[in-house]
Amino acid sequence: MRLGIDLGGTKIAGIVLDQAGATRAEARVATPRGDYRATLRAVADLVARLEAEASGSCSVGIGMPGAVSSRTGLVKNANSTWLNARPFRADIADILGRPVRVENDANCLAVSEAVDGAAAGARVVWAIILGTGVGSGIAIEARALSGRDRIAGEWGHNSLPAPTDSERPGPPCYCGRSGCIETWLSGPALAADHARRTGAEVSAEAVIAAFRAGDPAARASLAAYRDRLGRSLAHVVNILDPDVIVVGGGLSRVPELLDDLAAAVAPHVFSDAFDTPIRPSLHGDASGVRGAAWLWNGDGSGPLSPQSTGAAA
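Residues numbered from 1 in each chain as written. Predicted model: local features only at pLDDT ≥ 70, side-chain atom pairs only at ≥ 80, totals over all residues. Heavy atoms only, no water.

**A few points about the sheet that holds strand β11 (residues 244-248)**
Now for step 1: If you walk across this open sheet you meet the 5 strands as β10-β9-β8-β11-β12, and the pairing is mixed. The open sheet terminates on both sides in strands that have one partner only, identified here as β10 (143-144) and β12 (278-280).
Now for step 2: In this sheet, β10 lies alongside strand β9 (residues 134-140) in antiparallel orientation, the contact comprising 2 bridges. The residue bridging Ile 140 from the neighbouring strand is Arg 143, located in β10. (Pairing = 2+ DSSP bridges. Helix = DSSP H or I, 4+ residues; strand = E, 2+ residues; numbered from the N terminus.)

As structure tokens, this is what we get:
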């Protein structure tokens, strides 16, 4: 059996999958925010609880924000900042007493959807997250592509492609730059852009509700969002040319954003045609934790740039 952990900023979710991908046990607990040692213990306790419920020992894969540096073995780029510069992979493997595979949470989304989700059977899958933040992951033949420096798929902290004069320099980003894709396409970014347009400070959910009610200002905000999303998707399509694009995160549950999204992408793609399927994630909020479990494939193979410890990957 395979056990997956999705280590988020507010909750830690866990699941046990059998060989057929059926759920044998699942649970979630609150993340001990700001406390590294307590986070390690919470993950270890959840693993023990799930294995007891599933009545067996499991391989363990963990999806988390950021990545484990290939040079130092320390966590980098995590918005759960108490994990940064810590040897999380080595520490949790030591506590559990077994090899552990650790991968970026967006890559886990891509793996999950490539194995048995919205992109099942596709060779090259690009999965994006549109939620509180913006990120993406890549799976090739259902294995995570981590990259040499473990930043493959780091989409949200590139600049918005083809910015207009009104989009320069763009909103400030927590990474220290301005105009990152995340500052335009996250849920809070949608709300912030609507506020700049209208002066009304409301949530992204309220903007979407106003759009559905026919509000012209909300319609303009959603139109601008779709245009920026189209440009941002095309920028990667021109490099990766994926077989399927999967959309996860809270905004993936807004069909008006995804309906005929290809029409917003196509003008910016350097090709005579663009017909790549763009699909919402099949497993929804469970996709990340399922992908973490699938980091251990049946033949023992892991990510294309493995992040394992204690055993050959």
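Text resumes after the structure shown.
**Quick notes on the environment of Arg 37**
Now for step 1: Within the element layout of this structure, Arg 37 appears in helix α1 (residues 36-54).
Now for step 2: For the pair Arg 37 and Ser 271, spaced 234 residues apart in sequence, the C-alpha to C-alpha distance is 50 Å.

**A word on the side chain of Asn 104**
Now for step 1: When you line up the elements, Asn 104 lands in strand β7 (residues 100-104).
Now for step 2: There is a polar contact of 2.8 Å between the side chain of Asn 104 and the backbone nitrogen of Ala 106. (Polar contact = N/O pair within 3.5 Å; in protein donor to acceptor, adjacent residues only side chain to side chain.)

**Here's the deal with the sheet that holds strand β2 (residues 11-17)**
Now for step 1: Spatially, the 5 strands line up as an open sheet ordered β3-β2-β1-β4-β7, and their pairing is mixed. Pairing within the sheet leaves two strands with one partner each, and these edge strands are β3 (23-30) and β7. Across the sheet, the mean angle from the axis of one strand to that of its neighbour is 15°, orientation sign disregarded.
Now for step 2: Relative to strand β4 (residues 59-64), strand β1 (residues 2-7) is paired through 5 bridges, and the arrangement is parallel. Residue pairing for β4: Leu 3 is matched across the bridge by Val 60. (Axes fitted to C-alpha atoms, helices over the stretch in contact; angles between N-to-C directions.)

**Observations concerning the nonpolar core**
Now for step 1: Ranked by size, the top nonpolar core spans 36 residues in total, and within it Leu 130, Trp 155, Leu 185, Leu 229 and Leu 233 carry the most contacts.
Now for step 2: Of all the secondary-structure elements, those providing two or more residues to this core are β8 (124-130), β9, α4 (182-185), α6 (204-212), α7 (216-240), β11, α8 (255-258) and α9 (262-265).
Now for step 3: The next biggest cluster of nonpolar side chains, apart from the first, holds 31 residues, and it includes Ala 42, Val 43, Cys 58 and Val 60. (Core = buried A, V, L, I, M, F, W, Y, C linked by side-chain atoms within 4.5 Å. Buried < 20%, exposed > 50% of the residue type's maximum accessible area, 1.4 Å probe, protein only.)

**Side note on the pattern of salt bridges**
A side chain with one charge can pair with a side chain of the opposite charge if their charged atoms come near.
Now for step 1: Applying the stated criterion to the full structure yields 16 salt bridges.
Now for step 2: The shortest N-O distance in the salt bridge between Arg 228 and Glu 167 comes to 2.8 Å. Here Arg 228 is found in helix α7, whereas its partner Glu 167 is found in the loop between β10 and α4, with 61 residues between them in sequence.
Now for step 3: Looking at Glu 167, the relative accessible area reads 6%, which means it is buried.
Now for step 4: Across the pair Arg 253 and Asp 285 runs a salt bridge, and its minimum N-O distance is 3.1 Å. Separated by 32 residues along the polypeptide, Arg 253 in the loop between β11 and α8 and Asp 285 in the loop between β12 and α10 (287-293) bring together distant segments of the chain. For the pair shown, Arg 253 and Asp 285 are each scored as exposed. (Salt bridge = Lys/Arg side-chain N within 4 Å of Asp/Glu carboxyl O.)

**Brief notes about α6**
Each α-helix winds once per 3.6 residues, and so residues spaced three or four apart point in a common direction.
Now for step 1: When α6 is considered as a whole, its buried residues turn out to be Ala 204, Val 207, Ile 208 and Phe 211. All buried residues of α6 fall inside an arc of 95° around its axis, so they share one side.
Now for step 2: Here the buried face of α6 lies against α5 (187-198), α7 and α8. (Arc of directions from axis to C-beta. Contact = heavy atoms within 4.5 Å.)

**What to know about the pairing of β1**
Now for step 1: With 6 of 6 residues buried, β1 lies mostly within the body of the structure.
Now for step 2: With burial as the criterion, each face of β1 is covered, one bearing Arg 2, Gly 4 and Asp 6 and the other bearing Leu 3, Ile 5 and Leu 7.
Now for step 3: Relative to β2, β1 runs antiparallel, the two being bridged by 6 bridges. If you follow Arg 2 over to β2, its bridge partner there is Leu 17.
Now for step 4: With antiparallel pairing between neighbouring strands as the criterion, β1 and β2 make up a hairpin whose turn holds 3 residues.

**Examining the environment of Asn 84**
Now for step 1: Summarising the element assignment, Asn 84 is placed in the loop between β6 (75-76) and α2 (88-96).
Now for step 2: Along the primary structure Asn 84 and Pro 65 are separated by 19 residues, whereas in three dimensions their C-alpha atoms are 9.8 Å apart.

**Points about the packing of α1 against α2**
Now for step 1: Interaxial distance between α1 and α2 falls to 10 Å at its minimum, and their mutual angle equals 45°. Classified by the angle between their axes, α1 and α2 sit oblique to one another. For the element pair α1 and α2, the recorded crossing hand is right-handed. Taking contact as the criterion, the partners of Tyr 36, Arg 37, Leu 40, Arg 41, Val 43, Ala 44 and Val 47 in α1 are, on α2, Phe 88, Asp 91, Ile 92, Ile 95 and Leu 96.
Now for step 2: Across the contact of α1 with α2, the residue classes tally to 9 nonpolar, no polar and 3 charged. (Parallel < 35°, antiparallel > 145°, perpendicular 65-115°, else oblique. Left-handed = near helix turned anticlockwise from the far one by under 90°. Nonpolar A, V, L, I, M, F, W, Y, C, P; charged D, E, K, R; others polar.)

Nothing here speaks to function; it is all geometry.
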